[in-house]
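# Survey of secondary and tertiary structure
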Amino acid sequence: MTINKHIVFSVKSFWLWFWRRLMDGFAPSDKDGNYKRPKGFNSYRNFKIKSKGNQNLYLLLGETCPWCHRALLITELKKLSEIQIIYLQPNLNNGEWTFKNNFIGNKTLTDLYKKSTKGKFLRATVPLLLKINKRKIEVISNESSNIIELLNMITNKKSEKTIKIEECEKDFLNIIHNDINNGVYKCGFARNQDSYVKASNTLFKKLYEIDELIKKSGGPWIFGNKLTYADIYLFPTIIRWELIYSKLFKCTEKEISEYKNILKWRINFFELEGVSETCFENKWLSEYYQGLFPLNPNQLVPLQPSLKEILKREID
């Protein structure tokens, strides 16, 4: 059967138009096709968190979200068992975060946002740090950078014996956040070749700079013997690299294996107590490949080595 070239052209044109409409919802861009992460409602209020004691704090997370992963790492590394963690699951058909069980009368994250912010929000996002007193919800923050700083202030008998997480320059954290954490999304959600090349060049340039910094500092962390927020920021992206970003997001300019110091750093971080429990490999695979329809329309999950096998190669 011969396919009519006019039908092919029409279908291709329609698909491109439809793809762009989908991307406008999934991943907005500027006029040049560069991905721009949409802003959400930030309710940070200079909340004075107590250093000790049960404060009725709830941390709402998605198991796949790398920004949620930052906050989860703090709770594990500092053994903050008093923080009550609630995992939400995404509705892969509409992108809505839903509670596995009703949470204080709310079925979805949007429901909770509407009630707690009186409708003054742009998007219902996670992570979300709450304080709940007699079913009254006080939104503390939905910005991951604020949340990890607040969580890091809390100490208890267990956390006093754990590794210390120190601050570092905000400008350096912004580089990791904008050019690496967001950088992989800028590659994956680029609308044209120029925006993709620009994002990819920046991403791999910054990876090289961090690889050299780890080498210069002598490790095991980015700044030598000090574990800082920079390590917390970087890990969620690098641990997902081979499974998700290199394939689905087209982060292929170089192999991550070229960055020997980053890989050694990643192993050191992964082997910290509690860190492996924050890596939900199967969730990542299903929710990324089946949830990001514009990037993977047939929703096939590629067959590849497990995370443990990937990390074992680095040791060997």
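See the structure above.
Being a predicted model, the structure only gives us computed values, none of them experimental.

### Some details on the environment of A199
Here A199 shows up in helix α6 (residues 193-217). Along the backbone, A199 and V184 are 15 residues apart, and their C-alpha atoms lie at a distance of 7.9 Å. With residues up to four places along the chain from it excluded, the contact list for A199 reads K186 and C187.

### Describing the nonpolar core
Counting residues in hydrophobic clusters, the biggest one holds 94 residues, and the most contacted among them are F249 and F269. Every residue in contact with F249, bar those within four places of it in the chain, is listed here: V184, Y185, C187, G188, I244, Y288, L292 and L295.

### Thoughts on helix α2 (residues 66-77)
Taking 1.5 Å as the rise per residue, α2 with 12 residues should run 16 Å; its terminal C-alpha atoms sit 16 Å apart, in good agreement. Buried residues dominate α2, accounting for 11 of its 12 residues. All of the buried residues in α2 are P66, W67, C68, H69, R70, A71, L72, L73, I74, T75 and L77. Of the residues flanking the end of α2, it is K79, one or two places downstream, whose phi is positive at about 55 degrees.

### Some words on the state of the cysteines
Two cysteines, two sulfur atoms, one covalent bond between them: this is a disulfide. Scanning all chains against the criterion turns up 0 disulfides. Not part of a disulfide, C68 finds its nearest cysteine sulfur in C65, a span of 3.6 Å.

### Looking at the packing of aromatic side chains
Under the criterion given, the structure shown has 17 aromatic pairs. Here the aromatic rings of Y185 and F189 are separated by 5.9 Å at their centres, their planes lie at 50 degrees, and the arrangement is tilted. According to the relative accessible area criterion, F189 is buried, its value standing at 4%. Ring-pair connections join several aromatic residues into one group, and the members of that group are W67, Y185, F189, Y245, F249 and Y288. Over the aromatic face of Y233 sits the side chain of R70, whose NZ or CZ is 3.7 Å from the ring centroid. R240 extends its terminal NZ or CZ atom over the ring of W284, reaching a point 4.2 Å from the ring centre.

About the thresholds
- Every chain is numbered on its own, with residues counted from 1 as its sequence reads.
- Note on the predicted model: pLDDT of at least 70 is required for a residue's local features to be given, and 80 or more for side-chain atom pairs to be given and counted; whole-chain, interface and lining totals, by contrast, use all residues.
- With hydrogens and water set aside, each side-chain value is computed from the structure's full complement of heavy atoms.
- Numbered from the N terminus, helices here are DSSP runs of H or I no shorter than four residues, and strands are runs of E no shorter than two.
- Only heavy atoms matter for contacts: two residues are in contact if any of them lie within 4.5 Å across the pair.
- As used here, the term nonpolar core means buried Ala, Val, Leu, Ile, Met, Phe, Trp, Tyr and Cys residues forming a set that is joined through side-chain atoms within 4.5 Å.
- Each residue is placed in one exposure class: buried if its accessible area under a 1.4 Å probe, protein chains only, is under 20% of its type's maximum, exposed if it is over 50%, and partly exposed if it falls in between.
- By definition here, a helix of n residues has an expected span of 1.5 Å times n minus one.
- Cysteine sulfur atoms are paired as a disulfide whenever they come within 2.5 Å of each other.
- Note on aromatic contacts: the rings of Phe and Tyr and the six-membered ring of Trp form a pair at centre separations within 6.5 Å, being stacked when their planes are under 30 degrees apart, edge-to-face when over 60 apart, and tilted otherwise.
- We call a charge positioned above a ring when the Lys NZ or Arg CZ atom is no farther than 6 Å from the ring centre and deviates by at most 35 degrees from the ring normal.

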